[in-house]
Amino acid sequence: MSELSVNHLLGIKYLNKKDIELIFETADHFKEVINRPIKKVPSLRDITIANLFFENSTRTKLSFELAEKRLSADVINFSASQSSVKKGETLIDTVNNILSMKVDMVVMRHPNPGASVFLSQHVSASIINAGDGAHEHPTQALLDSYSIRERLGEVSGKNVVIVGDILHSRVALSNIYALKLQGANVMVCGPKTLLPKHIDKLGVKVETNLRKALNWCDVANMLRVQNERMEISYFPSTREYTQQFGVNKTLLDSLDKKITIMHPGPINRGVEITSDVADSKQAIILDQVQNGVAVRMAVIYLLASKIKQ
Ligand code: NCD
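### Considerations on the overall build of the chain
Right, on to step 1. Helix and strand counts for the chain stand at 11 helices and nine strands.
Right, on to step 2. On C-alpha atoms alone, the chain measures out to a radius of gyration of 19 Å, which is about the 19 Å that the 2.2 N^0.38 rule sets for 309 residues.
Right, on to step 3. Overall, the chain is about 55 × 45 × 35 Å in size when its C-alpha atoms are taken along their principal axes.
Right, on to step 4. With 309 residues in all, the chain has 56% of them scored as buried.
Right, on to step 5. Within the chain, residue pairs in contact and separated by at least 24 positions form 74% of the contacts whose partners lie at least 6 positions apart.
Right, on to step 6. Split by element, the accessible area of the chain, about 13900 Å² in all, is 49% carbon and sulfur.
Right, on to step 7. Seen as two clouds, the 38 positive and the 32 negative side-chain charges of the chain have centres 2 Å apart.

### Observations regarding the nonpolar core
Proteins that are soluble and globular tend to have nonpolar side chains buried together.
Right, on to step 1. Residues Ile23, Phe30, Ile128, Leu142 and Ile300 are the most contacted members of the largest nonpolar core, which totals 41 residues.
Right, on to step 2. Broken down by element, the residue count for this core peaks at 10 residues, all from helix α11 (residues 285-307).
Right, on to step 3. Each of domain 1 (12-136 + 289-307) and domain 2 (138-284) accounts for three or more of the residues forming this core.
Right, on to step 4. Setting aside residues no more than four positions away along its own chain, Ile23 makes contact with Leu4, Leu15, Leu142, Val295, Ala298, Val299 and Leu302.
Right, on to step 5. Val225, Ile259, Val277 and Ala283 belong to the second-largest nonpolar core, a separate cluster that totals 29 residues.

### Some thoughts on the side chain of Ser116
Right, on to step 1. Tracing the sequence through the fold places Ser116 in helix α4 (residues 115-122).
Right, on to step 2. When residues no more than four places from it in sequence are discounted, the contact partners of Ser116 are Leu10, Met108, Ile127, Asn129 and Asp132.

### What about helix α6 (residues 170-181)?
Structural remark: α-helix, 3.6 residues per turn; residues separated by three or four positions point the same way.
Right, on to step 1. When the terminal C-alpha atoms of α6 are compared, their 17 Å separation across 12 residues agrees well with the 16 Å that a helix rising 1.5 Å per residue should span.
Right, on to step 2. The buried fraction of α6 amounts to nine of the 12 residues, a majority that puts the element mostly inside the structure.
Right, on to step 3. Listed in full, the buried residues belonging to α6 are Arg170, Val171, Ala172, Leu173, Ser174, Asn175, Ile176, Ala178 and Leu179.
Right, on to step 4. Put simply, Ser169 is the residue that caps the front of α6, since its side-chain oxygen is 3.2 Å from the backbone nitrogen of Val171.
Right, on to step 5. Residue Gly183 follows α6 closely and has a positive phi angle near 85°.

### Some details on the pairing of strand β6 (residues 185-189)
Right, on to step 1. Among the five residues of β6, four are classified as buried, and the element is accordingly described as predominantly covered.
Right, on to step 2. Inspection of the sheet shows strand β5 (residues 159-163) paired to β6 by five bridges, in the parallel sense. Note on β6: the bridge partner recorded for Val161 is Met187.
Right, on to step 3. Handedness of the β-α-β unit built from β5, α6 and β6 comes out right-handed.
Right, on to step 4. As paired strands, β6 and strand β7 (residues 205-207) are joined by three bridges and run parallel to one another. Among the inter-strand pairings, Cys189 is bridged to a residue of β7, identified as Glu207.

### Details of the environment of Ser156
Right, on to step 1. Note that Ser156 resides in the loop between α5 (138-152) and β5.
Right, on to step 2. Ser156 gets classed as partly exposed once you look at its relative accessible area, which sits at 37%.
Right, on to step 3. As for Ser156 and Asn185, which are separated by 29 residues in sequence, their C-alpha atoms are 8.1 Å apart.
Right, on to step 4. Those residues in contact with Ser156 that sit more than four places away from it in its chain are Gln182, Gly183 and Ala184.

### Examining the domain arrangement of the chain
Right, on to step 1. Entries for the chain in the domain assignment read domain 1 (12-136 + 289-307) and domain 2 (138-284).
Right, on to step 2. Computed from C-alpha atoms alone, the centre-to-centre distance between domain 1 and domain 2 is 26 Å.
Right, on to step 3. Contacts between the two partners involve 28 residues from domain 1 and, on the opposite side, 25 residues from domain 2.
Right, on to step 4. Roughly 2400 Å² of surface becomes buried between domain 1 and domain 2 when both sides are summed, with 62% attributable to carbon and sulfur atoms.
Right, on to step 5. On the surface where domain 1 and domain 2 come into contact, there are four salt bridges.
Right, on to step 6. Put simply, the parts of the chain that give the side of domain 1 that touches domain 2 at least two residues each are α1 (17-34), α2 (59-70), β4 (126-132) and α11.
Right, on to step 7. Among the elements that take part in the side of domain 1 that touches domain 2, α1 stands out by supplying seven residues, more than any other.

Basis of the calculations
Residues numbered from 1 in each chain as written. Predicted model: local features only at pLDDT ≥ 70, side-chain atom pairs only at ≥ 80, totals over all residues. Heavy atoms only, no water. Helix = DSSP H or I, 4+ residues; strand = E, 2+ residues; numbered from the N terminus. Rg over C-alpha atoms; globule rule 2.2 N^0.38 Å. Buried < 20%, exposed > 50% of the residue type's maximum accessible area, 1.4 Å probe, protein only. Contact = heavy atoms within 4.5 Å. Areas by Shrake-Rupley, 256 points an atom, 1.4 Å probe, with all protein chains shown as cover. Lys, Arg positive; Asp, Glu negative; His and termini not counted. Charge placed at Lys NZ, Arg CZ, Asp CG, Glu CD. Core = buried A, V, L, I, M, F, W, Y, C linked by side-chain atoms within 4.5 Å. Domains from an automatic or database assignment. Expected span 1.5 Å × (residues − 1). Polar contact = N/O pair within 3.5 Å; in protein donor to acceptor, adjacent residues only side chain to side chain. Pairing = 2+ DSSP bridges. Right-handed = clockwise from strand over helix to strand, strands pointing away. Buried area = accessible area lost by both parts, 1.4 Å probe. Salt bridge = Lys/Arg side-chain N within 4 Å of Asp/Glu carboxyl O.

Put into structure tokens, the structure is as follows:
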């Protein structure tokens, strides 16, 4: 039986192409399961998973929790805002306390880049990174590629542009690694101030003209401006950002071909995309959310099967 090359999912950087293929094949199976009248399988009845969220989340937290429950795992949830972290406890102490209650796997979102790698070196549980600062968000990139594969048949050879705040986005970095691994052509597009200086070293094209980027691509992944990670202003005003980097229906309809629109959520409607684009047939934003559960089930299942050995 095939298995993942890793014991944790810390970032796409640590995966190989075969890992991604295995995750997608497993997700295909779970997608079929969650569309059945009884949406549950008993696979992980003996596994306990802790969801540790040190940063806000709606979609990702619900998606992980649902994925775990559909696999029949026992689940405990922890939010930093309601915990002893506020009383000065260290990350390792917090997690070791939780692990002493016999937890097998930890899903963690944390504001510090590298937090999940650090944790994987200090505790015995299997760790899944659910977003570490502006670094990586591997399950988001996996569900994004899975959704492209579902809509366009394959990821290899497709032109994908990631638009917006690349500098502060963990979704961008994980997507770049995942798309390149699968043989897609990747471009980033945004205001110069929101594009990391040496981003081209990752083998991506760089464009500051949105119309040119959209005319080149098959898929545009529209990112939110991460205001919470900015201490200074990176562009003159939201209105100006929207004029230059927002996608509206007139722009979409004026392109040479019908492109696919993606967004990891949460959407700021009217800023990076207008409502009529977000709700159009070309957008696969809600498919991404639905696929997120199947892809996370696949990741959890494959990592759990390594624990059991
Ligand atoms: C993203 C995140 O948290 O990095 N959202 C998500 O996980 N669905 C993107 C964002 O916050 O803009």
